[in-house]
Protein chains: 2
Amino acid sequence: MGKYQRMDKHKMALMNKRNVMNCIAEYGPINRAAIAKKVELSVPAIMEIAQELIQQGMVVSAKMPGKLSGKPLEQFSICGDHFRYVGVDVGRVTTRFALVGLDHGVLGKLKFPTIQVENESGFVDRICQGIHRVIDESGVDKATVAGVCVTMPGLIEHDTGWVIFSPNFGWKDIPLKQWIAQRLPYPVRVESANRAQVIYEISTHKGDQDRTVFCVGLGYGIGGGFYYKGQLYYGASGTSCEIGHMRVANHSDEPCSCGNTGCLEAEASGAALARKAQRAVREGRQTALRDMCEGDPDRITARWVFDAAEENDEFCRALIDQSARYIGSALATTINLLDPDKIYLCGGLLKNKGDFFQRILKYTVEMQMYQAGRKVEILTGSLDEWNVALGATRLFPYFGEDLND
Amino acid sequence: MGKYQRMDKHKMALMNKRNVMNCIAEYGPINRAAIAKKVELSVPAIMEIAQELIQQGMVVSAKMPGKLSGKPLEQFSICGDHFRYVGVDVGRVTTRFALVGLDHGVLGKLKFPTIQVENESGFVDRICQGIHRVIDESGVDKATVAGVCVTMPGLIEHDTGWVIFSPNFGWKDIPLKQWIAQRLPYPVRVESANRAQVIYEISTHKGDQDRTVFCVGLGYGIGGGFYYKGQLYYGASGTSCEIGHMRVANHSDEPCSCGNTGCLEAEASGAALARKAQRAVREGRQTALRDMCEGDPDRITARWVFDAAEENDEFCRALIDQSARYIGSALATTINLLDPDKIYLCGGLLKNKGDFFQRILKYTVEMQMYQAGRKVEILTGSLDEWNVALGATRLFPYFGEDLND
């Protein structure tokens, strides 16, 4: 957006309409006076916009008792029936599909194991089959499906929908959006999983839409999403927030899927914990994992490491503490640089028993600069396995013409 | 700013007026048709706004030959005479004062060594004396001084003008703006030096105002400033961009002025190079610095380290290479997280002979994630010793009511 971009009546009207729509989505059922107060417009202006939204099938009105008076008042709500969205979370282990209405009500869910077939084209076929299935099984009218958003981890160029680089899938320069759009009769968007995750968090915590929020996914890999001034943060080349590839161990040889060494993901992710534990068992280190794996170290997962640590296995406790320390170091850097209001930690690693989250907090505070980010809150985000898929369904603005903004 | 903030005609008019003013400041002398094209407004609208600005004494018009036709055309320029600003750069070694007009023409300069007197109040007295002197010596009418902006390194809360923490000055919780405002008859702003630096860079490079720009100051200390979507980036608690306190050496005991260890500033700044070299000489390490300092290691500065490295002193070459590597690591992290269009490196460390800048570039590319920040350019910024003081004079918006925005 240019510095000298003109503000005119058309843009002003569009902004106001969008505000009314979003306000009804957030607070509905809500009456005209309450909307007018929230969006700082007059009641007649609200009524004009509301009539337009009702005609477009996005909003419904009904006489409902007012909260204070109990008298019947015209209340506006989002109409869930006219527009449906599909969100797809292509994870390293599982692919999830969610179908929702404009009111965010869930109409269908589907998941299956992510199988990496030899060519990417076959992979895309499987994703499209899943999309068709979740729509078919829900029984909704296909004509109401207004968009599909497919997410995966890695560097995604959001305006073109190209997968620039997805280390954990080994993909480089794949025109994913184009391939999916060719196979489907719906508008398609492709996004990074972490952007969908941060959108899920800010949509489900009241007030976060006005805040500066960084969201970190701690699972098989480690990624981030950043929400600032009411929008997702996109860098100059459409990448950004790659906290997983922050160098946290300056002299480490630990190889990362991205090609570097010493990255946070290589040192502290679920995949890293499993790899380090497997290696230790192969090298004959003293740990309960040796017996647990019954001679097959490849079976060891990050979950096993957490379980053994709970049983006071010293090696596993040290491994988890080291992981927490590296994550704390990366969060301290993020706070020093970005000074957000909130950081949400999400993902599978936080589902384990033990004090992993508290250890991360302790190290973050130790390593962040004195008084930098004084207001930051570090919180556990949603651990719902559907959060990325549901976040993806919220990546559609309510006005179709902005689909690719 | 709330999500549902109303856009109305008054705000629209203010935005358009500011656009016209900024456009004349950037491109003047400029005629009405050219302004109209740049700010996307009609010629009559431009004429109305220009008349207002002329009446307020901010803009002057003159008949000047048009660039293409050579015919006399009414051209608009900023009037430098009615508003003057003082920018103050309180550095660790030198304090600099610059007085400029609204057209950015320099009307006076003054510098003196920064002496840390026992109490902060005496220190503030000295700053205010300098401000009075630079105005007096220039002979301008005091009534035209529309603002003073004082900058220093560290965590500055920009809305209150408190110095939250300035490690290199040892200051914590000082109401600097209030103390200065009590002593001066001018509107006062207090900012971080690195924010003034990035504003100087984006103002002096055409097109940068529309870009995402990170600026790093590499001198006695190390700090950063970030410019995004046409504005300075302020974090939730008014801090942010503390690249100097990013942990780059995860197992280092090197103490930082902030209280932590292993920070970029503790490992790679001018102060760090001097301290490491002094220690090495005291410990009897093999280096030409031993003879150069004639028995007094305390005399060794970062400049000496660069000079000896140019003479192929191995110890000094290794020290500089290590510094470049740490800076590269911090830049790689900044790119992975923020994916800016441009990074400017400024400050005294870059004034030395040798391939320091090239080494930094090499390590940055080595350590940044594959394909992250594909469009980022890393450039040498201004090495003018006045850039922070001049940047500070540009931290005043043209409309007084927004002074403390």
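One can find the structure itself at the top, above this paragraph.
Residues numbered from 1 in each chain as written. Chains lettered and ligands numbered in written order. Predicted model: local features only at pLDDT ≥ 70, side-chain atom pairs only at ≥ 80, totals over all residues. Heavy atoms only, no water.

Engineer: So what about the side chain of glutamate 157 of chain A? Which residues, and what values?
Structural biologist: Here glutamate 157 of chain A lies in strand 8 (residues 155-157). Those residues in contact with glutamate 157 of chain A that sit more than four places away from it in its chain are Trp162, Ile164, Ser237 and Gly238 of chain A together with Arg374 of chain B. (Helix = DSSP H or I, 4+ residues; strand = E, 2+ residues; numbered from the N terminus. Contact = heavy atoms within 4.5 Å.)

Engineer: Can you explain the relation of the copies chain B and chain A? Please cite residues and give values.
Structural biologist: The two copies are related by a screw motion: chain B maps onto chain A through a turn of 180° and a shift of 0.0 Å along the axis, at an RMSD of 0.1 Å. Between the two chains, the operation in question is that of a two-fold axis. The residues that chain B uses at the interface reappear at the interface of chain A in 100% of cases, marking a shared surface. (Least-squares fit on C-alpha atoms with pLDDT ≥ 70 in both.)

Engineer: Help me get a handle on the packing of aromatic side chains, residues and values and all.
Structural biologist: Throughout the structure, instances matching the rule amount to 23 aromatic pairs over all chains. Plain terms: the ring middles of phenylalanine 123 of chain A and tryptophan 171 of chain A are 5.1 Å apart, the flat faces sit at 75° to each other, and that makes the pair edge-to-face. Here tryptophan 171 of chain A lies in strand 10 (residues 171-174) and phenylalanine 123 of chain A lies in helix 4 (residues 120-138), a separation of 48 residues in the sequence. Looking at tryptophan 171 of chain A, the relative accessible area reads 4%, which means it is buried. Clustering of aromatic rings is evident, with ring pairs tying together Phe214, Phe226, Tyr228 and Tyr233 of chain A together with Phe214, Phe226, Tyr228 and Tyr233 of chain B. Sitting over the face of the ring of tyrosine 370 of chain B, lysine 172 of chain A holds its NZ or CZ atom 4.4 Å from the ring centroid. Against the face of tyrosine 363 of chain B rests lysine 362 of chain B, its NZ or CZ located 4.4 Å from the ring centre. (Phe/Tyr/Trp six-rings, centres within 6.5 Å; stacked < 30°, edge-to-face > 60°. Buried < 20%, exposed > 50% of the residue type's maximum accessible area, 1.4 Å probe, protein only. Lys NZ or Arg CZ within 6 Å of the ring centre and 35° of its normal.)

Engineer: Please provide a residue-by-residue account of the packing of helix 1 (residues 9-27) of chain B against helix 2 (residues 32-39) of chain B, values included.
Structural biologist: When two helices pack together, their arrangement is captured by the angle between the axes and the distance separating the axes. Residue and element names in this part refer to chain B. Taken N-terminus to C-terminus, the directions of helix 1 and helix 2 make an angle of 120°; their axes are 10 Å apart at the nearest point. Here helix 2 runs oblique to helix 1, going by the angle between their axes. The two elements helix 1 and helix 2 meet at a crossing, and its hand is right-handed. Along its contact with helix 1, which presents Asn19, Val20, Cys23, Ile24 and Tyr27, the element helix 2 presents Ile35, Lys38 and Val39. By residue class, the composition of the contact of helix 1 with helix 2 is six nonpolar, one polar and one charged. (Axes fitted to C-alpha atoms, helices over the stretch in contact; angles between N-to-C directions. Parallel < 35°, antiparallel > 145°, perpendicular 65-115°, else oblique. Left-handed = near helix turned anticlockwise from the far one by under 90°. Nonpolar A, V, L, I, M, F, W, Y, C, P; charged D, E, K, R; others polar.)

Engineer: How would you sum up the sheet that holds strand 15 (residues 342-346) of chain A? Please name residues and give values.
Structural biologist: Residues and elements named next belong to chain A. Ordered by their spatial adjacency, five strands build an open sheet running 14-13-12-15-16, and the pairing between neighbours is mixed. Where the open sheet ends on each side, the last strands, each with one partner, are strand 14 (231-232) and strand 16 (377-380). As paired strands, strand 15 and strand 16 are joined by four bridges and run parallel to one another. Its bridge partner being in strand 16, leucine 345 is matched across the sheet by threonine 380. Against the sheet, helix 12 (residues 356-367) engages strand 12 (213-218), strand 15 and strand 16, with an angle of about 165° to strand 16. (Pairing = 2+ DSSP bridges.)

Engineer: I'd love a proper account of the side chain of threonine 94 of chain B, names of residues and values included.
Structural biologist: Residue and element names in this part refer to chain B. Structurally, threonine 94 can be placed in strand 5 (residues 94-101). Note on threonine 94: relative accessible area 19%, which makes it buried. Not counting residues up to four positions away in its chain, the partners in contact with threonine 94 are Asp89, Lys111, Phe112, Pro113 and Thr114.

Engineer: I'd like to hear about the sheet that holds strand 7 (residues 145-152) of chain B, residue by residue, with values.
Structural biologist: Residue and element names in this part refer to chain B. An order of 6-5-4-7-11 is seen for the five strands of this open sheet, with the pairing classed as mixed. Each end of this open sheet is capped by a strand with a single partner; those strands are strand 6 (106-113) and strand 11 (188-192). Sheet twist, expressed as the average angle between the axes of neighbouring strands with direction ignored, equals 15°. Where strand 7 and strand 11 come together, five bridges link them in parallel fashion. Note that in strand 11 the partner of methionine 152 across the bridge is serine 192. Strand contacts of helix 6 (residues 193-204): strand 7 and strand 11, with the helix running at about 90° to strand 11, the strand carrying the most contacts.

Engineer: Talk me through unusual backbone geometry; I want residue IDs and the actual numbers.
Structural biologist: A cis amide bond links glycine 28 of chain A with the next residue in sequence, proline 29 of chain A, at an omega value of 0°. Following the sequence through the fold, proline 29 of chain A ends up in the loop between helix 1 (9-27) and strand 1 (30-31). The backbone of asparagine 312 of chain A sits at a positive phi, close to 70°, despite the residue not being glycine. With respect to the helices and strands, the residue asparagine 312 of chain A is situated in the loop between helix 10 (302-310) and helix 11 (314-338). Although it is not a glycine, serine 240 of chain B adopts a positive phi angle of roughly 80°. With respect to the helices and strands, serine 240 of chain B occurs in the loop between strand 14 (231-232) and helix 7 (264-268).

The quantities given are spatial measurements derived from coordinates; they are silent on function.
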